[in-house]
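Survey of secondary and tertiary structure
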Amino acid sequence: MAEHPQDIVTRFAPSPTGRLHLGHALSAVLSHDFARAHRGRFVLRIEDIDTARCRTEFTDAILDDLRWLGIDWDRLDIQTDRAADHAAALDRLQAMGLLYPCTCTRAEIAASASAPHGGAGPIYPGTCRGRTDAPEGAAWRLDMAKASAIVGVSGRHDDVVLARKGLGVAYHLAVVVDDAAAGVTDVIRGADLLSATPVQNLLQVLLGLPVPRYTHHPLVAGSDGKRLAKRTPGATLADLRAAGADPALLRNDLRSGRLPVGFGWADA
Ligand code: GLU
């Protein structure tokens with residue numbers, strides 16, 4: 001008897017810091033359609049842990065925009081509801097001796113770091129590595145050299161921030177814990193997150209979590225050739241909707257790699 005293939009689970013994980021634009025719509029359509037094509041499940045996760053920047057009205061708008069686009073989900077996760085799981089993962093890394101507290105300011109890091117890091121800011125030079133006291137608000141950084149040695153990979157990575165004391169975990173850790181909890185098998189997201197994938201893979205191995213397959217799609221650009229940002233004029237789904245766009249047509253275009261007039265692909 002043939003074995004059952006693993007059920008496909010995909011997800012779309014927007015942060016409610018603004019309205020969805022065409023690039024988000026592309027991630028959502030590709031993820032949703034891949035799950036549907038394989039009779040799998042599609043998860044929508046609202047990544048609202050950065051409470052200083054996230055707004056519930058944007059969460060409502062995201063749900064509304066996705067419904068307009070004809071995207072339906074089988075499971076809705078709200079990231080802030082999952083704090084206990086995040087904390088458990090943080091404890092585990094802590095118990096493995098892989099985290100150290102850091103109180104460096106952005107300005108201090110910028111001043112002491114040598115090379116810029118792919119537009120994502122300077123690589124943390126490790127000033128606080130080995131430090132043990134952790135005042136409230138201190139960042140918990142992952143000791144990448146130690147972590148890489150445990151996993152048996154090499155490569156130069158930043159000692160990323162995984163949490164702030166008293167303030168909960170940061171993006172990379174929340175993402176891997178939540179993807180695993182939802183059983184995500186395939187992550188389809190924009191090329192802007194390409195450099196996040198090795199960090200997340202490392203965390204998955206350290207935490208004994210399954211490593212999904214990753215696909216990064218090209219980024220959408222506006223008429224100026226620059227990749228879309230939440231503030232690019234005319235590029236939100238709300239703008240397209242107000243301009244009379246047909247959602248079924250838009251969905252079909254996106255899944256076929258076509259973009260509406262006035263948009264193009266950003267340079268890699
Ligand atoms: N919440 C992230 C964002 O909106 C996406 C996370 C992910 O797809 O892994 O950029």
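Residues numbered from 1 in each chain as written. Predicted model: local features only at pLDDT ≥ 70, side-chain atom pairs only at ≥ 80, totals over all residues. Heavy atoms only, no water.

1. Notes on the sheet that holds strand 6 (residues 161–164)
The condition is simple: Between any two strands, pairing holds if DSSP finds at least two bridges. For helices the rule is a DSSP run of H or I covering at least 4 residues; for strands it is a run of E covering at least 2, with both sets numbered from the N terminus onward.
Ordered in space as 4-5-6-7, the four strands form an open sheet in which the pairing is antiparallel. Each end of this open sheet is capped by a strand with a single partner; those strands are strand 4 (99–102) and strand 7 (168–169). The pairing of strand 5 (residues 139–142) with strand 6 spans three bridges and is antiparallel. Following the sheet pairing, alanine 139 is matched in strand 6 by arginine 164.

2. Comments concerning the layout of surface pockets
For clarity, the threshold we go by: With a 1 Å grid laid over protein atoms only, a set of points is called a cavity when a 1.4 Å probe fits there but cannot get out and a pocket when it is open yet has protein on both sides within 12 Å along at least five of seven lines; lining residues have an atom within 4 Å of a point. Grid points are joined across faces, edges and corners, and a volume is the space filled by probe spheres set on the points. Under the grouping applied here, Gly and all other residues not named as nonpolar or charged are polar, the nonpolar ones being Ala, Val, Leu, Ile, Met, Phe, Trp, Tyr, Cys and Pro and the charged ones Asp, Glu, Lys and Arg.
By volume, the second largest pocket amounts to about 220 Å³. What lines the second largest pocket is a set of 15 residues, and nearest its centre among them are Ala83, His86, Leu167, Gly168 and Val169. At the level of elements, helix 3 (83–95), strand 6 and strand 7 are the ones that each hand at least two residues to the lining of the second largest pocket. When residues of the lining of the second largest pocket are assigned to their parent elements, the largest contribution, five residues, is made by helix 3. Counted by class, the lining of the second largest pocket contains seven nonpolar, six polar and two charged residues.

Such coordinate-based values are descriptive only and should not be taken to indicate function.
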